[in-house]
Amino acid sequence: MIAFEGVSYGYDGSNLLADINLRLAAGSFHFLTGPSGAGKSTFLKLCYAELLPNSGRVTIMDQIAASMSRDDIAFARRRIGVVHQDCQFLDHLPVDENITLPLTVSGQVAQPRDLRELMDWVGLAPLARAYPPQLSGGERQRAALARAVIMGPDVILADEPTGNLDWDMSLRLLTLLMELNRMGKTVLIATHDMNLIRQAKSQVAARVLRISNKRIQLAGADL
Amino acid sequence: MRPSQAIASLRASLTPDGSADSIVPPSGHTAWLTTFTAGAMAFLAVFALALALASGRLAERWSDALERTATVRLSAPQDQIDLQIQAVLNVLQTTPGIASARALTADEQRALLAPWFGPDLPVDTLPLPRLIEINEDTSGYDSEGLRQRLAAEAPGAVLDDHTRWRKPLAVAAQRLRLLGFLSIALITGATAAMITLAASAALAANAGVIKVLRLVGARDGYIAAAFVRRFTLRALAGALAGTLAGMIAVSILPAADEAGGFLTGLGFQGWGWMTPLILPPLAGVVAYFATRAAAIRKLKELT
């Protein structure tokens, strides 16, 4: 799905990430952990071509990111669902229209039944016509997840998705992500929440990656 | 972009797309600013167009009125005046290219001078030259040859072919017309500049919206089209209102016939009333290309 080959990325001449070699295989479940500022968000942005590497090669859906046109990147993003900690919405549109936004921009129409099922799945059916500013942090995260999966993407990238949530809500979101993985989706969650990682590892075959000294390593049993 | 592509793109841009249109937040001061700017510019453009068309008519009228006529001015002792008039008329009647010639009567000369000296001018007692009016036919005449023949037959006769008067008037009217069209061009440019600024401001203000749209896989063309359509339709609506207001204002100007002067003739005539209707589509086209260029540039900046 997404592969990194000798990838380095940095700002102002100094590398934040260096010599990253990694492959996110189809159907895999990964956690990415590391201290704040280690480069977790940067890594995720490289995964969906919001950033391009300074050196090395990122391959997204069999295309080299650096040589993708802007339209190619847009089409690739329709196959990659992204959930941010501070998920953003179009505040002038109700929740259901925000969730169907990926379909709208790709010229498709959401089937009412499918949308209803999706809203039920994330527990937002009663809030379908509410506006994003009216949602709580947990509701926003779930709405962002629904938006990320409505196109049936191959990859789900979540950047600190539980950062603003209490433990119960974090578990609920994690459960949704694990369900998606069981459906065959590739999932990568960037988080520094070790309890969340331990909880997930007890239920799903997740690999844990750690950013340390600008490099990504497979974490061992020290979690 | 080829013309056919541009037209297809323009048509697509003007076709409302409810779902796509809704992605751009509906409000903002740029909304009424664009409509107002387009309306005000269209209003001014109507007057510039009226000026240009009126100047064109004036130039043609003056040219037509003076182009096919000439005057022979005859100064001679009183006892020879009739003889020389006859001699001049004989010369003129035998000159190829002259359709007719006749000496103005004393009353006609008095009428010509009345605006300056009043109606009671004793023309007969003043040593005024006699005037002979010449009407050319379509082939025209050899003015230099005529001058030489007049010098031989009637030494006091001077041929005035109106070139000296006609040229500056026609040039002045043509320059006024040019000025009118130049004003329209400037108004068009200013409209494009203002709409570009408004569109750029709207795009910058909606950077967050654009970020979300890109995150969910929107192509730049899709995002740009949503803004372009909105600004094009606003400019079109504003220009339509401004054009109608301008036409109403022009229609209530005094009619040309009442005083016969240039200023009172500043308006449209006949089919000329249809020409301002080109302004709203023109504003739409200007807004389309201005917003499109601004959107493409801004979207490249917002990586």
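Predicted model, so just to flag it, every value in this text is computed and none were measured. (Residues numbered from 1 in each chain as written. Chains lettered and ligands numbered in written order. Predicted model: local features only at pLDDT ≥ 70, side-chain atom pairs only at ≥ 80, totals over all residues.)

What about the sheet that holds strand E2 (residues 14-24) of chain A?
All names here are of chain A. Pairing is antiparallel across the open sheet formed by four strands, whose spatial order is E2-E1-E4-E5. Looking at the sheet topology across the chains shown, the edges are occupied by E2 and strand E5 (63-64). The strands that helix H1 (residues 40-47) touches are strand E1 (2-11), E2 and strand E4 (55-60); relative to E1, the one it contacts most, it runs at about 125°. (Pairing = 2+ DSSP bridges. Helix = DSSP H or I, 4+ residues; strand = E, 2+ residues; numbered from the N terminus. Contact = placed C-beta atoms within 7 Å. Axes fitted to C-alpha atoms, helices over the stretch in contact; angles between N-to-C directions.)

What to know about the sheet that holds strand E9 (residues 206-212) of chain A
All names here are of chain A. What the six strands build is an open sheet, ordered E6-E7-E8-E3-E9-E10; its pairing is mixed. Of all strands in the sheet, those with a lone pairing partner are strand E6 (80-83) and strand E10 (215-218), marking the two edges. For this sheet the average axis-to-axis angle between neighbouring strands, irrespective of direction, equals 20°. As defined by bridge partners, strand E7 (residues 155-159) adjoins strand E8 (residues 186-190) across five bridges and the pair is classed as parallel. Directly across from Leu157, in E8, lies its bridge partner Leu188.

Some details on the packing of helix H9 (residues 220-251) of chain B against helix H11 (residues 279-301) of chain B
Residue and element names in this part refer to chain B. Taken N-terminus to C-terminus, the directions of H9 and H11 make an angle of 150°; their axes are 8 Å apart at the nearest point. Relative to H11, H9 is oriented roughly antiparallel. Taken as a pair, H9 and H11 cross one another with a handedness that is right-handed. Counting all contacts with H9, which are made through Asp220, Ile223, Ala224, Phe227, Val228, Phe231, Thr232, Ala235, Leu236, Ala239, Leu240 and Thr243, the residues of H11 involved are Leu279, Pro280, Ala283, Gly284, Ala287, Tyr288, Thr291, Arg292, Ala295, Ile296 and Leu299. The class makeup of the residues in the contact of H9 with H11 is 17 nonpolar, four polar and two charged. (Parallel < 35°, antiparallel > 145°, perpendicular 65-115°, else oblique. Left-handed = near helix turned anticlockwise from the far one by under 90°. Nonpolar A, V, L, I, M, F, W, Y, C, P; charged D, E, K, R; others polar.)

A short note on the environment of Asn181 of chain A
Residue and element names in this part refer to chain A. Examined against the element boundaries, Asn181 turns out to sit in helix H7 (residues 167-182). Asn181 gets classed as buried once you count the C-beta atoms within 10 Å, which come to 21. Taking the C-alpha atoms as reference, Asn181 lies 25 Å from Thr104; in sequence the two are 77 residues apart. Leave out the neighbours within four places in its chain, and Asn181 touches Phe29, Val187 and Val204. (Buried ≥ 20, exposed ≤ 12 C-beta atoms within 10 Å, placed from the backbone.)

Comments concerning the interface of chain A and chain B
Between chain A and chain B, the contact holds 18 residues from the first and 17 residues from the second. Among the elements that take part in the side of chain A that touches chain B, helix H2 (residues 70-77) of chain A stands out by supplying five residues, more than any other. Residue composition of the side of chain A that touches chain B, by class: nine nonpolar, four polar and five charged.

Quick look at the pairing of E4 of chain A
Residues and elements named next belong to chain A. As paired elements, E1 and E4 share five bridges and run antiparallel to each other. Each residue of the ladder has a partner; that of Ser8, found in E4, is Ser55. The pairing of E4 with E5 spans two bridges and is antiparallel. Bridged to Ile60 within E5 is Gln63.

Things to note about unusual backbone geometry
As a rule of thumb, non-glycine residues mostly have phi less than zero, and peptide bonds are mostly trans rather than cis. Residue and element names in this part refer to chain A. One non-glycine residue, Glu160, adopts positive backbone phi at about 45°. Locating Glu160 in the fold gives a position in the loop between E7 and H7. Glu160 sits in the buried class, given 21 other C-beta atoms within 10 Å. One non-glycine residue with positive phi stands out, namely Lys214, at about 70°. Inspection of the secondary structure assignment puts Lys214 in the loop between E9 and E10. When the 17 C-beta atoms within 10 Å are taken as the criterion, Lys214 is described as partly exposed.

Comments concerning the pairing of E10 of chain A
Residues and elements named next belong to chain A. Alignment of E9 against E10, held across four bridges, turns out to be antiparallel. Looking at E10, one finds that Ser212 is bridged to Arg215. Linkage of E9 to E10, two consecutive antiparallel strands, is achieved through a turn of two residues, within which Asn213 is found at a positive phi near 50°.

Focus: the packing of helix H4 (residues 81-93) of chain B against helix H6 (residues 143-153) of chain B
A packed helix pair is summarised by two numbers, namely the angle formed by the two axes and the spacing between the axes. All names here are of chain B. Direction vectors running N to C along H4 and H6 enclose 150°, while the axes themselves pass 10 Å from each other. The orientation of H4 with respect to H6, classified from their angle, is roughly antiparallel. For the crossing formed where H4 meets H6, the hand is right-handed. In this structure, H4 uses Ala87, Val88 and Val91 to contact H6, whose residues at the interface are Arg149, Leu150 and Glu153. Of the residues belonging to the contact of H4 with H6, the class tally is four nonpolar, no polar and two charged.

Concerning the nonpolar core
A general trend in soluble globular proteins is that nonpolar side chains are found buried together. Ranked by size, the top nonpolar core spans 127 residues in total, and within it Ala146 and Leu157 of chain A together with Ile195, Ala199, Phe227 and Ala283 of chain B carry the most contacts. No other element matches the 16 residues that helix H3 (residues 29-67) of chain B contributes to this core. Within the second largest apolar cluster, 13 residues are counted, among which are Leu74, Val88, Leu146 and Leu150 of chain B. (Core = buried A, V, L, I, M, F, W, Y, C linked by C-beta atoms within 7 Å.)

What about the confidence of the model for chain B?
All names here are of chain B. Per-residue pLDDT for chain B has a mean of 83; in total, 87% of the residues score no lower than 70. The least confident element of chain B, judged by mean pLDDT, is helix H10 (residues 256-259) at 53; the most confident is H9 at 91. Predicted as a complex, the structure gets a pTM of 0.71 and an ipTM equal to 0.87. (pLDDT = per-residue confidence, 0-100.)

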